[in-house]
Structure formats: C-alpha cells, structure tokens
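Structure assessment
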Amino acid sequence: MTTIDLEEQFMKRVAADEKVEPKDWMPEKYRKTLIRQIAQHAHSEVVGMLPEANYISRAPSLRRKAALLAKIQDEGGHGLYLYCAAETLGVERDTLIEELHSGKAKYSSIFNYPTLSWADMGAIGWLVDGAAILNQVPLCKCSYGPYARAMVRVCKEESFHQRQGYEILLTLCNGSADQKQMAQDSLNRWWWPSLMMFGPSDADSTNSEYSMKTKIKRFSNDELRQKFVDATKPQADILGLTIPDPDLKFNEQTRHWEYGEIDWEEFHNVVQGNGVCNKIRLRERNEAWDNGKWVREAATAYAEKREQRKNESKQVA
Ligand code: 3HC
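Let me begin by describing the structure that accompanies this report. Predicted model only: the values in this text are computed from it and were never measured.

We now examine the state of the cysteines. Under the definition given, this model contains zero disulfides. There is no disulfide at C155, and the cysteine sulfur nearest it, in C140, is 3.8 Å away.

Following this line, the structure appears as structure tokens:
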C-alpha cells in the first residue's frame, strides 16, 4: 500500500472513532503532534506540583494539609501516566525530562504565576483544575488509545481537586471580611491566567486544525474557554465573589457569558519564559531531579539485584 493509501485508511479509522494503538500505522505528523502535546501535558502536571507545594507547611489545619498533599501527589501520578503514554510513541522519557529541565520544553503557562496566600490553593483547585477538567474530559475520547485511557483516571482525580479548591474558597467567603477579601484577591490574580490555559484564540492556534481533524482535540480552544466561563461565573456568584472582568455580560440570544479581551502579550511573554516564576520553576525542577538521583540509583540497583536473584534461582531449579 502507498503512504497515501495508508493515510486514507488511517483517516477512515479516525472518522469511525476507532482508537489508534501504539503498534498501528500512523502518519508521522500525528505521532509528532501527540508526542508534543502529551509531553507538555506531563510536564505541566509535574511542574504544577510546585506552586501548591509552597503551602503544604502553611495549611491552616491537618485536614487541609492532608487534602493538599493528596492532590499534589495525584498530580505527580498524572505526570507519570502521561510520560508512559508518550513513551508508547517511541520517545524516551529521559529525553523529555531533559528537554523540560533545559528549558526547551513547554508546560502550561498557568504554573508560572506565584502563590501568595492560602486562598490561592482554593483558586488553583477551583479555576486551574476546573479548567483542566473541561480540557481533559474531551481527551478521554481522543483518537489515541493510551492518551484517552490515561485521561479517564486523571479526570476522576481532577474532580476531587476542583471540589477541594472550591470548598477552601467557600470556607473563606463564609469567614471574616479579611478572609473573603483574600479569596477575592486570589480570584483577581488567577482568573485571566486560567483563561489563557486553553491556549491562543482559534484564529492563532497553529495546531488545532490538524489536532481536530485527527480527533486528538474534540473542541477548539475558544469553545472550551467559553464552556469554562459559562460554568465558572455561577460558581463565583455562589461564593459572592466578583470576576475581575468589567466586560463580562450574559448574552440572552447565545445564552453565553461574553468576556473581555485576553492580554495575549502577557500570554506569549509567559510562554516564552518571561513569567514571574518561570526561572524559579525550572530551578526547583532541576534541584528536585538532582536531589532524587540517589533514589533512582537505589531503585535501579534493587531491581538489578532482584533480577539477578531470580536468574540464579532459575539456574538452581
Ligand atoms: N501554556 C503554554 N503553552 C501553550 C499554552 C499554555 N497555556 N497554550 C498553548 N500553548 C502553546 C502550544 O503548546 C503551541 O506551541 P507548540 O506548537 O510549540 O507546542 C502554541 O502555544 C499554539 O497553541 P495551539 O493551540 O496551537 O496548541 P495546542 O493545539 O497544543 O493547544 C492546549 C494547546 C489546549 C493546551 C493543548 O495542548 C492541550 O489540550 N493539551 C492537553 C492538556 C494540557 O496540557 N493542559 C495543561 C494543563 S495540565 C493541568 O492543568 C493539570 C491539572 O491537574 C492542574
């Protein structure tokens, strides 16, 4: 079969919503697009642990500390699922991690903002994980099997992340005036960066056309962003918080919340490495990798010893 025939057959499978598996033929562009997106997704999960780690020792109660620890641990696990999914496409995990640590690889812009108060733990759970859920649920129907299956487990855990964040803010908003102001300040700082998580506008999205044609993406960036605004505004109303967008208004015809202009200059600045925390995040990631070297070496030595013992006992038997 010619490559054209193979591509035609591949697109027919995708159109029929069949799952593409690692051993199946796939266009090189499809493989590269998946490696790019899954690797960035994995990097985002792992770097995403850092902003919240800042508050483990500052959590106001053991219950809050336990929930935050569980959430951060989940994010690390999501990263490992996603690195595994990327490896099924023939890329080495160490290569991906080296690209992250050298600053070559992208990860979600949202994690380059500082966490300045306990309310930020609430805003991250409510807004960042809320945005992640809207972006990740459609990925459960992604055309690439391993990515779709990883998302099913991830999305179950994201729901807990979002609820624990929202409950933190609900507690603060039902607390003192100062606590409610802390929550409002946090919403003011995290609202617009959360909208940027969905990527550039559809008009400026360089990858969406191919990703949607091959059903990696099921909705466009703007469609998911709109879903997020429509879902989150009523939640802010329940909290009694004001979304920091003077242009936010409900359109009775379209039944959607129309929102103001996103600061795309800020978005591109952060994506290009000039955000408040880009350098700190990379430094912390490299330090964690270096400090964890002994753990990796010990685990490898143990696995080799265990394999050696298994082979020896086979020879004796
Ligand atoms: N931060 C950094 N880079 C971004 C970005 C963001 N928020 N949004 C887009 N970009 C980059 C893209 O990677 C692309 O650059 P590249 O071609 O060099 O890779 C460029 O901007 C153009 O954007 P596109 O819309 O063309 O790119 P995509 O089609 O990849 O769409 C996306 C971007 C919607 C983020 C898509 O990649 C996606 O859905 N990824 C999977 C989900 C994901 O990674 N979410 C990130 C957060 S994970 C998270 O929040 C975990 C939770 O537990 C907290």
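Taken together, 31 residues are adjacent to the ligand, and E75, K106, E158, S205 and K217 come closest. Here an oxygen atom of the ligand sits 3.0 Å away from a polar atom, N or O, in the main chain of T206. In isolation the ligand offers 1000 Å² of accessible surface; the protein chains occlude 89% of this area. At the level of secondary structure, the elements contributing two or more residues to the shell around the ligand comprise helix 2 (28-47), helix 6 (119-136), helix 7 (145-173) and helix 11 (264-274). Sorting elements by how many residues they give to the shell around the ligand places helix 2 first, with six residues. Split into classes, the residues belonging to the shell around the ligand amount to twelve nonpolar, twelve polar and seven charged.

One pass over the full model with this rule turns up 24 salt bridges. With its nearest N and O atoms 3.5 Å apart, the salt bridge here joins R31 to E28. Placement of both R31 and E28 in helix 2 is noted, with a separation of three residues, approximately one turn of the helix.

This paragraph deals with the packing of helix 2 against helix 7. Each packed pair of helices is defined by two parameters, the angle between the axes and the distance between the axes. At a minimum axis distance of 13 Å, the contact between helix 2 and helix 7 shows a crossing angle of 25°. Taken together, the axes of helix 2 and helix 7 lie roughly parallel to each other. Crossing angle aside, the handedness with which helix 2 passes helix 7 is left-handed. Listed contacts from helix 7 to L34, Q37, I38, H41 and E45 of helix 2 are Y147, M151, V154 and E158. Taken together, the residues of the contact of helix 2 with helix 7 sort by class into five nonpolar, two polar and two charged.

Moving on to the layout of surface pockets. Empty space within the second largest pocket amounts to approximately 220 Å³. As for the second largest pocket, its lining consists of V46, M49, G76, L80, Y83, R93, I97, L100, H101, R285, A288 and W289. Among the elements of the structure, helix 4 (62-87), helix 5 (93-101) and helix 12 (278-291) are those that each provide at least two residues to the lining of the second largest pocket. Its residues assigned to classes, the lining of the second largest pocket comprises eight nonpolar, two polar and two charged.

Parameters and conventions
Here the residue numbers are simple positions, counted from 1 along each chain's written sequence. A pLDDT threshold of at least 70 governs which residues receive local features in this predicted model, and a stricter bar of 80 or more applies before side-chain atom pairs are shown or counted, although totals over entire chains, interfaces and linings include all residues. Only heavy atoms go into the side-chain values, all of them from the structure, while hydrogens and water stay out. Pairs of cysteine sulfur atoms within 2.5 Å are identified as disulfides in what follows. One heavy atom within 4 Å of a molecule or strand makes the whole residue count as near it. Distance and chemistry together define a polar contact, namely a pair of N or O atoms within 3.5 Å, with one atom able to donate a hydrogen and the other to accept it when in protein, and with adjacent residues in sequence counting only for side-chain atoms on both sides. Surface accessibility in these figures is a Shrake-Rupley result with a 1.4 Å probe; residues are shielded only by whichever protein chains are displayed. Secondary structure is summarised from DSSP: a helix means a run of H or I of at least four residues, a strand means a run of E of at least two, and numbering begins at the N terminus for each. Basically, the charged four are Asp, Glu, Lys and Arg, the nonpolar ten are Ala, Val, Leu, Ile, Met, Phe, Trp, Tyr, Cys and Pro, and anything else, Gly included, counts as polar. By convention in these notes, a salt bridge is any Lys or Arg side-chain nitrogen within 4 Å of a carboxyl oxygen on Asp or Glu. Lines fitted to C-alpha atoms define the axes, with helix axes restricted to the stretch in contact, and inter-axis angles between N-to-C directions lie between 0 and 180 degrees. Any angle that falls under 35 degrees is termed roughly parallel, while one over 145 is termed roughly antiparallel, one within 65 to 115 roughly perpendicular, and all others oblique. Throughout, a crossing is termed right-handed when the near helix is turned clockwise from the far one, and left-handed when it is turned anticlockwise from it by less than a right angle. Residues are treated as being in contact if the distance between any of their heavy atoms lies within 4.5 Å. Residues are called lining when one of their atoms sits within 4 Å of a cavity or pocket point, these points coming from a 1 Å grid over the protein atoms alone, where a cavity is a set in which a 1.4 Å probe fits but cannot get out and a pocket is an open set with protein on both sides within 12 Å along at least five of seven lines. Grid points are joined across faces, edges and corners, and a volume is the space filled by probe spheres set on the points.

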